[in-house]
Amino acid sequence: MTSTPAPQNNEIRTQKPKTRAPKTRAPKTRAPNYRTPRTPVPKFRSPLTKILPRIPTAIPNIITSTVRSTTRKLAQFLDNFNSKIISRGKNNSQKQSLHPAYTSLPIQQNNYRTTTRQNTPKHSVNKNFESFSASNSLTKTQSLTNTNAELSEVCNCSKIIITSNNPTTIAKHAKELGQYALVGELSGRPVYKHVSRSYYLYYQQESGGNWLVNTKPGLLFGGMQNSKDFPVCPYLLSTVWQYGDSEVGGWVYDPSLKVTCPTHPCSIIKCGFRAECQVMGDQAICMCKAGYSGDPYNRCYPQVQDRCSCRHVSIDSVGQSRVHQRDKMGDYFLWGYYNGHPVYQHYSGLDFLYFHRNEVWGVGPKVGGKRAGLLNFGSTACPYEVSTPWQFGTKEPNNRRQLDTHLLVSCATK
């Protein structure tokens, strides 16, 4: 006989969450006056904090053994190839540019967009230059003789003289003045060497062509230059020579700086612009070219074709354009006509004032060229009638075109 269990009472029990006792951490003991990175910097009330600048803490450059070994291996690799590490620092001796047009601007629409000029590659000229040392071998001497024989058809002057009456040129470049002798050829032009010093007169074909005087033929810079590439002989150039001046940071024109061949009659008299030399016996005379009139020993002018009757204009400024475009200042003379407007030539013969096809007055080394050092967007018949301000180019990469309200183009004589 089994017994039935007694019924249990129904109970509803609430499930209470288990609670854990919070963990307590003992506070860390800190040294007195210890400041963590999150602790704000105390503010000093001393007035010195307003005067003295805050000097940041410099992190020392720790050179590890890996860096030392890598540098040593690189140096050994370069030594095996006889290479030299070229410094990228600025060299003041090579600061001068080949031609003032390097600070020119592209002629385009009236906006401030500029194009970046690509660096001209420096080609090696040793393979093109015939050796001219007195201690050369017989083979090199024979090739030098053949080169002179070929040049004698055009440039038959074996000795030239470089002279100047300018005191500044004499003070800064006295060693480069004197007598030079023909010693070889470079870029299809003759090369002359100073008879007593290591200076050469040569033609550098980079950047449009320049005659330069320096200690080694083929260098891209020099102490004297002439940016005219024709005629082939340097003693027949009618354009003005320039000398480098480090105090002004560029080239300076010297009308008295001459390169003369004593045995060439046309080199002695130096005919003017738009004139030609004619040799009659042992003498030479200058005559204006057909369609031009004036003084053949100074300058010949074309016939006036429009209402711009001014034959002599002047460009001058007391503003910043005189600093950045110093070579563009001075007298300009009527040279011809282009795009229905007159063209004026700088007294040096190396720059022109012309009206571009984009209806822009520009001053640059080439008539109708796309680059100019001075620009004016005033569409007038004559350049001395413009009323809009002129713009000039600079070497500053972020501000290559600036305005000069002080630049003035005026008519000097009609």
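Residues numbered from 1 in each chain as written. Predicted model: local features only at pLDDT ≥ 70, side-chain atom pairs only at ≥ 80, totals over all residues. Heavy atoms only, no water.

J.: Would you mind showing me how to read the layout of surface pockets here?
T.: The probe, sized like a water molecule, is rolled over the atoms to show the empty space still left. What the second largest pocket holds in volume is close to 1,000 Å³. Surrounding the second largest pocket, 36 residues form its lining, L237, S238, C271, G272 and F273 being those nearest its centre. Counting only elements with at least two residues in the lining of the second largest pocket, the list comes to β10 (258-260) and β11 (275-280). Grouping the constituent residues of the lining of the second largest pocket by class yields 22 nonpolar, 6 polar and 8 charged. (1 Å grid on protein atoms, 1.4 Å probe; cavity = no way out; pocket = protein on both sides within 12 Å on 5 of 7 lines; lining within 4 Å. Points joined across faces, edges and corners; volume = space filled by probe spheres on them. Helix = DSSP H or I, 4+ residues; strand = E, 2+ residues; numbered from the N terminus. Nonpolar A, V, L, I, M, F, W, Y, C, P; charged D, E, K, R; others polar.)

J.: Would you take a moment to explain the sheet that holds strand β4 (residues 189-194) for this structure?
T.: Hydrogen bonds between backbone atoms are what pair the strands of a sheet, whose relative direction is either parallel or antiparallel. Judged by pairing direction, the sheet is antiparallel, and its 9 strands sit side by side in the order β9-β8-β7-β6-β5-β4-β3-β2-β10 without closing on themselves. Two strands close off the open sheet at either side, each with one partner strand: β9 (250-254) and β10. Taking each pair of neighbouring strands and ignoring which way they run, the sheet shows an average axis angle of 30°. Note that strand β8 (residues 241-245) and β9 share 5 bridges and pair antiparallel. Bridge assignment links Q242 to a residue of β9, and that residue is Y253. (Pairing = 2+ DSSP bridges. Axes fitted to C-alpha atoms, helices over the stretch in contact; angles between N-to-C directions.)

J.: Help me out: how do you make sense of the packing of aromatic side chains in this one?
T.: What describes a pair of aromatic rings is the distance from one ring centre to the other and the angle between the planes of the rings. Per the counting criterion, the structure on display carries 4 aromatic pairs. A ring pair is formed by W335 and F352, whose centres lie 5.1 Å apart and whose planes are at 65°; its orientation type is edge-to-face. Of this pair, W335 sits in strand β16 (residues 330-338) while F352 sits in strand β18 (residues 352-356), placing them 17 residues apart in sequence. Exposure remark for W335: the relative accessible area of 23% places this residue in the partly exposed category. Judged by relative accessible area, which is 9%, F352 ranks as buried. The ring of W335 carries R274 above its face, with NZ or CZ at 4.0 Å from the centroid. (Phe/Tyr/Trp six-rings, centres within 6.5 Å; stacked < 30°, edge-to-face > 60°. Buried < 20%, exposed > 50% of the residue type's maximum accessible area, 1.4 Å probe, protein only. Lys NZ or Arg CZ within 6 Å of the ring centre and 35° of its normal.)

J.: Could you clarify how one ought to interpret the nonpolar core in this entry?
T.: Side chains of nonpolar character tend, in soluble globular proteins, to be buried together. I315, Y344, L353, Y384 and W390 are the most contacted members of the largest nonpolar core, which has 22 residues in total. When residues of this core are traced back to their parent elements, those giving at least two are β15 (312-316), β16, β18, β19 (360-364) and β22 (390-393). Not counting residues up to four positions away in its chain, the partners in contact with W390 are L353, W361, L374, L375, N376, P383, Q402, L403, D404, L407 and V409. Counting residues in each nonpolar core, the second largest holds 21 residues, with Y199, Y203, M224 and Y235 among its members. (Core = buried A, V, L, I, M, F, W, Y, C linked by side-chain atoms within 4.5 Å. Contact = heavy atoms within 4.5 Å.)

J.: Got a minute to help me understand the pairing of strand β5 (residues 200-204) in this structure?
T.: Remark: a regular strand shows side chains that alternate across the two faces of the sheet. The element β5 is extensively covered by neighbouring structure, given that 5 of its 5 residues are classed as buried. Here β5 shows no split at all, with Y200, Y202 and Q204 on one side and L201 and Y203 on the other all buried. The sheet contact formed by β4 and β5 spans 2 bridges and is antiparallel. Residue pairing across strands places K193 opposite Y200, the latter belonging to β5. Connecting β4 to the next strand, β5, in antiparallel fashion are 5 residues. Relative to strand β6 (residues 210-214), β5 runs antiparallel, the two being bridged by 5 bridges. Among the inter-strand pairings, Y202 is bridged to a residue of β6, identified as L212.

J.: Just checking my understanding: could you explain a nonpolar patch on the surface for this structure?
T.: On the surface, M280, I285, M287 and Y297 cluster together into a nonpolar patch covering about 370 Å² of accessible area. Secondary-structure assignment places Y297 in the loop between β13 (292-295) and β14 (299-302). Given the relative accessible area of 44%, Y297 is considered partly exposed. (Patch = residues over 30% accessible without salt bridge, like charges linked within 9 Å, V, L, I, M, F, W, Y side chains within 5 Å. Areas by Shrake-Rupley, 256 points an atom, 1.4 Å probe, with all protein chains shown as cover. Salt bridge = Lys/Arg side-chain N within 4 Å of Asp/Glu carboxyl O.)

J.: Even after reading the chapter, I still don't get the pattern of salt bridges, so can you show me in this structure?
T.: When charged atoms on two side chains of opposite charge get close, those side chains can pair. Across all of its chains, the model carries 5 salt bridges by this definition. Between R322 and D316 there is a salt bridge, with the nearest N and O atoms lying 2.3 Å from each other. Of the residues examined, R322 reaches a relative accessible area of 35% and is grouped as partly exposed. Here the salt bridges share partners, and the residues they tie into one network are K172, D245 and E247.

J.: Help me understand the side chain of S348, please; the structure alone is not making it clear to me.
T.: Within the secondary structure, S348 sits in the loop between β17 (341-346) and β18. According to the relative accessible area criterion, S348 is buried, its value standing at 0%. Among the polar contacts listed, one links the side chain of S348 to the side chain of Y253, at a separation of 3.3 Å. At 3.3 Å, the side chain of S348 and the backbone nitrogen of L350 are in polar contact. If we skip the residues at most four places from it in the chain, S348 touches T239, V240, Y253 and F273. (Polar contact = N/O pair within 3.5 Å; in protein donor to acceptor, adjacent residues only side chain to side chain.)

J.: Help me understand the state of the cysteines in this model?
T.: Covalent bonding between the sulfur atoms of two cysteines defines a disulfide. Taken as a whole, this structure holds 7 disulfides when the rule is applied. With its sulfur 2.1 Å from that of its partner, C155 forms a disulfide with C233. On the sign convention where negative is left-handed, the bridge of C155 and C233, at about -110° about the S-S bond, is left-handed. Of this pair, C155 sits in the loop between α3 (138-151) and β2 (159-163) while C233 sits in the loop between β7 (224-226) and β8; the two residues are 78 residues apart in sequence, bridging distant segments of the chain. Judged by its relative accessible area of 2%, C233 is buried. A disulfide bridge connects C310 with C411, and the sulfur atoms are separated by 2.0 Å. Taking the sign of the torsion about the S-S bond as the criterion, the disulfide between C310 and C411, at about 105°, is right-handed. On the criterion of sequence distance, the pair formed by C310 in the loop between β14 and β15 and C411 in strand β24 (residues 408-413) is long-range, its members being 101 residues apart. (Disulfide = S-S within 2.5 Å.)

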